[in-house]
Amino acid sequence: MRRRVTPVRAGAAAAALVLAGAGALLGAAAGTAQAAEVSFATHCVPPAGVADPVDGTTKVEITAPATAKVGDTVDITWKFVQAASKNPDIIDLPANSVQPSGTLKAAGAQTADIALQGPRENPAIPKGGDMVLSDMTGTLKLTSPGEVTLTPDAYKVNAFGTDTVCTPSATVPKAATIEVTGSGSSASVTPTDTGSASPSPSDSASESASASPSDSVSASASSSDGTGSGQTDFTGKEVEVPYACKTPIGDKNATSPVQINAKKNGGSFDLTVQFNGSVMDSPADIPADSVKPSMEVVLGGADKGTVHVEGPTNSSAIKSGDPIDIPDLTGTYKPGASGESTLSPGVLTVNALGTTTTCTPTKSEVSLTLDTTEQASGASGGSSTSGGSSSSSSSSGGLAETGDSSNGALKALGLVAGTAILLGGAVFTFMPRKRTR
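For the structure given in this document, a descriptive report is provided here. Quantities reported herein were computed from a predicted structural model and do not represent experimental measurements. (Residues numbered from 1 in each chain as written. Predicted model: local features only at pLDDT ≥ 70, side-chain atom pairs only at ≥ 80, totals over all residues. Heavy atoms only, no water.)

So, about the environment of Ile76. Here Ile76 lies in strand β5 (residues 73-82). C-alpha of Ile76 to C-alpha of Leu116: the two residues are 40 residues apart in sequence and 8.4 Å apart in space. The contacts of Ile76, once residues within four sequence positions are left out, are Ile62, Thr63, Ala64, Leu104, Ile114, Leu116, Met136, Thr137, Gly138, Leu140 and Leu150. (Helix = DSSP H or I, 4+ residues; strand = E, 2+ residues; numbered from the N terminus. Contact = heavy atoms within 4.5 Å.)

Shown next as structure tokens:
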């Protein structure tokens, strides 16, 4: 027989205490339900490289029946009154991106590890804000008469495929006791029915090492291609650019295939920078207008300076599991000198969800050479931003590829060319795929 107990809250006075932060106060009405709040010292370890371990205090409320019979399957609820740590001061956590799971220890007449899990439901949590975790639930089938005590144990906080693991660092007081009546064998120890409370969420992001960046190289622009031949479209070659990236979680190295193309527009050139590698699947819902890449194209040869190019933000929300493309970066190059001018990928910047990742090439790689004619207020020695950047919505770009000695090539992008992007204590890991055109 399965016994489900719905906790009964006390009156308005208790509700006021709830709002005051005292936690949910439940009355042990008629011996059918009980709830108790306990606090315990906790040591939390975030994913490697994300942040330092945190020591704090966890406050939880455990709700279970006060009495039950042998053979009953009882429902147990773990409510977080206070998590051991706050959201790291790195990035905002989107709504419904965090899922807790944990273990409750049963002892006394019956011993068992009770697995509990909560839904991936939370409000948006700002950087440095209090972690708001959903209630976890689990079940226990009672096998022996007597007192069964329930004590909180370790728990995990999952966000986008990675876990922050929190374990008690001191003795934890028992939170509830179930008086079990009826006949049964007290000598038999039966593990709990874990039900659906698996500590490993099914929607964790997974990595795939099967996809690799495109090995194709587009036609190179000849150094003789120039403005005097009547040619208007110039295709650069794809170059592998090694980047040193400053990400929200530290310094990372990445290599990305980049190609610069140009179209003559009067005395100027409309530039398009493409990332011709792979795409990634989104590990979570990404709001619209939250990711924007840009680059400074470096001029060499006859001309000097940089050309600013940028891509549009994602115009619509990206659902979990949908592919994320890096859009083409576009801008206008107004030459500041006459002769053969080279164009190379430069500093790449990605603004995403309130963070900035900056990637600087460690080696210059020329993608395109143009015959240029000096224009008034052209680039030589400065920044060529005449005409601004267009807002092309093309999405034929790809991602940076990170080198990892243990896992091979991991596709990532902090949200472009880092190795990962941190979302409140969890690292995005992406599933790379070959681009389809």
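Turning our eyes to something else, we now look at the pattern of salt bridges. Two side chains carrying opposite charge are able to pair once their charged atoms lie near each other. Taken as a whole, this structure holds six salt bridges when the rule is applied. Between Lys86 and Asp130 there is a salt bridge whose closest N-O contact spans 2.3 Å. Here the residue Lys86 occupies a position in the loop between β5 and β6 (98-108), and Asp130 occupies one in the loop between β7 (112-117) and β8 (136-141), the gap between them amounting to 44 residues. Of the charged contacts, one joins Asp113 and Lys105 as a salt bridge, the two residues approaching to 2.8 Å between their closest N and O atoms. (Salt bridge = Lys/Arg side-chain N within 4 Å of Asp/Glu carboxyl O.)

According to the stated counting rule, one finds two disulfides in the structure shown. One disulfide in the model links Cys44 with Cys166; its S-S distance is 2.1 Å. Residues Cys44 and Cys166 are joined by a disulfide whose S-S torsion is about 115°; by sign, that bridge is right-handed. Placement of the pair is Cys44 in strand β2 (residues 34-45) and Cys166 in strand β10 (residues 162-168), with a sequence separation of 122 residues. Take Cys166: its relative accessible area is 3%, and that puts it in the buried class. The disulfide bridge from Cys245 ends at Cys359, spanning 2.1 Å between sulfur atoms. One quick way to see it: the torsion about the S-S bond of Cys245 and Cys359 is about 115°, and its sign makes the bridge right-handed. Separated by 114 residues along the polypeptide, Cys245 in strand β13 (residues 239-247) and Cys359 in strand β23 (residues 355-361) bring together distant segments of the chain. The pair formed by Cys245 and Cys359 is uniform in burial state, with each residue classed as buried. Disulfides within the chain link the bonded cysteines, taken in sequence order, as 1-2, 3-4. (Disulfide = S-S within 2.5 Å. Buried < 20%, exposed > 50% of the residue type's maximum accessible area, 1.4 Å probe, protein only.)

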